[in-house]
Amino acid sequence: MKVVANTRNPAFKPCQLTTLSVFPQLQRLAFENWQQLSQNYHNSDSSKISDITDGQRYKEIKSSVGDSLISLIVNADGAPIFKSSNTSAWPLMCAVAELPPTARFNVDNMILAAVWCGRCKPTISLFVKAFVDELLQLCSTGITVTLGDGRTLTFQVRVVQVVADLPAKAQLLNQLQFNGTYGCSKCEHPGVRLEIAPVRVYPYGQYQLRTTESVSQQAQEAEEIRTPVLILAIKTLFSNCLK
């Protein structure tokens, strides 16, 4: 465990970020659950989707790296620590998709990568940096475990999904919030803000869908002029771990 920074935002609200290495946690999990991981848990009926391992994206990742796979479901969200305080904690956690649902979200099988604590929301580039840097290394080298009989198993590591509510999603993608102009992450609909209520609506119409190429281009433009372009300030830090 490492306290990375004690920092303050412009409003002088003290915050603290603590990071934990993912590698030893994944290695322990792989050693303790190697049989379940090697069984390639999935629904035997390919015509039905009952879990993430039945989805097209998961199957694409699995076909590209082989059966020995550890795919991570990443989650980040904030919650107040006390009802009477405005201090909140933001844990960055992972679950392993190859474990069956009954074991996947068991506290012993969850991976804690970072915790941001304070009276301000996380600075996302700082919050996820150590985690993403380590993930990129793991995506390159994988996880190797030595069993009791001397055999070794190597698992490839990928991120299959990042789960967050809309406010947290906007922060992780470094994009405008869902109720802002061009806040939709699916298309380039600007939305219309109602005068009778503080809400933004999206009347039906034909609008350009966002693509990886268009988002990357807008992110580059936004980075150069230091102003949001339709949606993003910089492209998502997780993009290289999702391949």
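Above this text sits the structure in question.
Here is a short report on the structure shown in this document. (Residues numbered from 1 in each chain as written. Predicted model: local features only at pLDDT ≥ 70, side-chain atom pairs only at ≥ 80, totals over all residues. Heavy atoms only, no water.)

Here the focus is the overall build of the protein chain. Looking only at helices and strands, the protein chain features eight helices and ten strands. Expressed as a percentage of the 243 residues in the protein chain, the buried residues total 37%. In the protein chain, the proportion of contacts linking residues at least 24 apart, taken out of those at least 6 apart, comes to 55%. Carbon and sulfur atoms provide 55% of the accessible area of the protein chain, an area that totals close to 13,900 Å². (Helix = DSSP H or I, 4+ residues; strand = E, 2+ residues; numbered from the N terminus. Buried < 20%, exposed > 50% of the residue type's maximum accessible area, 1.4 Å probe, protein only. Contact = heavy atoms within 4.5 Å. Areas by Shrake-Rupley, 256 points an atom, 1.4 Å probe, with all protein chains shown as cover.)

One pass over the structure, following the stated rule, counts one disulfide. No disulfide involves Cys184; its sulfur sits 4.0 Å from that of Cys187, the nearest cysteine. (Disulfide = S-S within 2.5 Å.)

It is possible for side chains of opposite charge to pair when their charged atoms get near one another. Taken as a whole, this structure holds five salt bridges when the rule is applied. Of the charged contacts in the structure, one is a salt bridge between Glu32 and Arg28, with a shortest N-O distance of 3.0 Å. Remark: Arg28 and Glu32 occur in helix H1 (residues 22–32); sequence separation between them is four residues, near one turn of the helix. Measuring nitrogen to oxygen at the nearest pair gives 2.8 Å for the salt bridge that ties Lys129 to Asp133. (Salt bridge = Lys/Arg side-chain N within 4 Å of Asp/Glu carboxyl O.)

A positive phi is found at Tyr182, a non-glycine position, where the angle reads about 60°. If you trace the backbone, Tyr182 turns up in the loop between helix H7 (166–172) and strand S9 (192–193).

All right, on to a nonpolar patch on the surface then. On the surface, Val192, Leu194, Ile196, Val199 and Val201 cluster together into a nonpolar patch covering about 410 Å² of accessible area. Here Val192 lies in strand S9. Take Val192: its relative accessible area is 39%, and that puts it in the partly exposed class. (Patch = residues over 30% accessible without salt bridge, like charges linked within 9 Å, V, L, I, M, F, W, Y side chains within 5 Å.)

Relative to the assigned elements, Asp54 resides in the loop between helix H2 (34–38) and helix H3 (56–65). One buried charged side chain, Asp54, makes no salt bridge at all; its nearest oppositely charged neighbour is Lys59, positioned 5.8 Å away. Within the local environment of Asp54, its side chain forms a polar contact with the backbone nitrogen of Ser50, the two atoms lying 3.0 Å apart. (Lys, Arg positive; Asp, Glu negative; His and termini not counted. Polar contact = N/O pair within 3.5 Å; in protein donor to acceptor, adjacent residues only side chain to side chain.)

Consecutive side chains along a regular strand alternate between the two faces of the sheet. Every second residue of strand S7 (residues 143–146) is oriented toward a common face, the buried set being Ile143 and Val145 and the non-buried set Thr144 and Thr146. Looking at chain direction, S7 and strand S8 (residues 152–163) are connected through four bridges and run antiparallel. Residue pairing in the sheet places Thr146 in a bridge with Thr152 of S8. Between S7 and S8, which pair antiparallel in sequence order, lie five residues; one of them, Gly150, sits at a positive phi of approximately 95°. (Pairing = 2+ DSSP bridges.)

Our focus in this paragraph is the pairing of strand S6 (residues 111–118). Strand direction decides the pairing type here: strand S2 (residues 14–19) and S6, joined by five bridges, are antiparallel. Along S6, the bridge assignment pairs Gln16 with Cys117. Where strand S5 (residues 88–96) lies against S6, seven bridges are found, and the strand directions are antiparallel. Among the inter-strand pairings, Pro91 is bridged to a residue of S6, identified as Val115.

Right, let's get into the nonpolar core. Ranked by size, the top nonpolar core spans 36 residues in total, and within it Leu26, Leu72, Leu92 and Phe127 carry the most contacts. Apart from residues lying up to four places away in sequence, Leu72 is in contact with Leu26, Cys94, Ala95, Val96, Ile111, Leu135, Val157, Arg158, Val159, Val160 and Gln161. Residues Ile52, Tyr58, Ala97 and Val160 belong to the second largest nonpolar core, which totals nine residues. (Core = buried A, V, L, I, M, F, W, Y, C linked by side-chain atoms within 4.5 Å.)

Listed in full, the buried residues belonging to H3 are Tyr58, Ile61 and Lys62. Burial along H3 is one-sided: seen end-on, the buried residues are contained in an arc of 95°. For H3, the exposed residues lying more than 90 degrees away from the buried face are Gln56, Ser63 and Ser64. In the core, the buried residues of H3 are packed alongside strand S3 (69–76) and S8. (Arc of directions from axis to C-beta.)

With that settled, consider the side chain of Asn33. Locating Asn33 in the fold gives a position in the loop between H1 and H2. Overall, the relative accessible area of 10% leaves Asn33 in the buried class. Those residues in contact with Asn33 that sit more than four places away from it in its chain are Leu99 and Asn109.

None of the figures reported here should be taken as evidence of function without further support.
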